[in-house]
Amino acid sequence: TAFAKDVVFGLDDYSKASFAQNMVASATGSFFSIAGTNPMDVVKTRIQNKDFGEKHSGSKIVREILREEGASAFFKGVTPKVVASAPKLVFAYTMTEYFAKLLRASQAKKSA
């Protein structure tokens, strides 16, 4: 989210981001956090789907995926995860920022 607020919107003070800017920043952060963890989730799922008695290391699974399916296989299933998770993350982050802004304004009035 800081990346979007800094690079996309050019904000120096992130607390001054508008509601829409917070939504876009949180959507960007949500997407990258899901996309960044998806390769590990793919490897974990492949290990879990192997036969119980066999030993399989994460590095062996990674090599198999790269050899048989290519690097794009690490991003299988990312779209449903983004569709399911991003709205929750955007809502939670945007509301947190919104209420934090209200709280800061309220405290500023009390101290003035």
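As shown above, the structure is provided for reference.
Residues numbered from 1 in each chain as written. Predicted model: local features only at pLDDT ≥ 70, side-chain atom pairs only at ≥ 80, totals over all residues. Heavy atoms only, no water.

Visitor: I keep staring at the packing of aromatic side chains and nothing clicks. Help me out?
Guide: Aromatic ring pairs are reported here in terms of the distance separating the ring centres and the angle at which the planes meet. Enumeration over the complete set of coordinates arrives at three aromatic pairs. Between Phe19 and Tyr98 the ring centres are 6.1 Å apart and the planes differ by 85 degrees, which places this aromatic pair in the edge-to-face class. Taken together, the residues Phe19 in helix α2 (residues 19-49) and Tyr98 in helix α4 (residues 78-111) connect sequence positions 79 residues apart. By relative accessible area, which is 42% here, Phe19 ends up partly exposed. Members of the aromatic cluster, connected to one another through ring pairs, are Phe19, Tyr98 and Phe99. (Phe/Tyr/Trp six-rings, centres within 6.5 Å; stacked < 30°, edge-to-face > 60°. Helix = DSSP H or I, 4+ residues; strand = E, 2+ residues; numbered from the N terminus. Buried < 20%, exposed > 50% of the residue type's maximum accessible area, 1.4 Å probe, protein only.)

Visitor: How should I be thinking about the nonpolar core in this particular structure?
Guide: If you look at soluble globular proteins, the nonpolar side chains tend to sit buried side by side. Ranked by size, the top nonpolar core spans six residues in total: Val42, Val43, Ile61, Ile65, Ala73 and Phe74. Of all the secondary-structure elements, those providing two or more residues to this core are α2 and α3 (58-68). With near-sequence residues (within four places) excluded, Val43 lies in contact with Gly58, Ile61, Val62, Ile65 and Phe74. Membership of the second largest hydrophobic core comes to five residues, among which are Ile34, Ala35, Val82 and Ala86. (Core = buried A, V, L, I, M, F, W, Y, C linked by side-chain atoms within 4.5 Å. Contact = heavy atoms within 4.5 Å.)

Visitor: Teacher, can you tell me more about the packing of α2 against α3 here?
Guide: A pair of packed helices is captured by two measures, namely the crossing angle of their axes and the spacing between those axes. Interhelical geometry of α2 versus α3 gives an angle of 105 degrees and a closest axis separation of 10 Å. As judged from the angle between their axes, α2 and α3 are roughly perpendicular. Mapping the contact onto sequence places Val42, Val43, Arg46 and Ile47 in α2 and Gly58, Ile61, Val62 and Ile65 in α3. (Axes fitted to C-alpha atoms, helices over the stretch in contact; angles between N-to-C directions. Parallel < 35°, antiparallel > 145°, perpendicular 65-115°, else oblique.)

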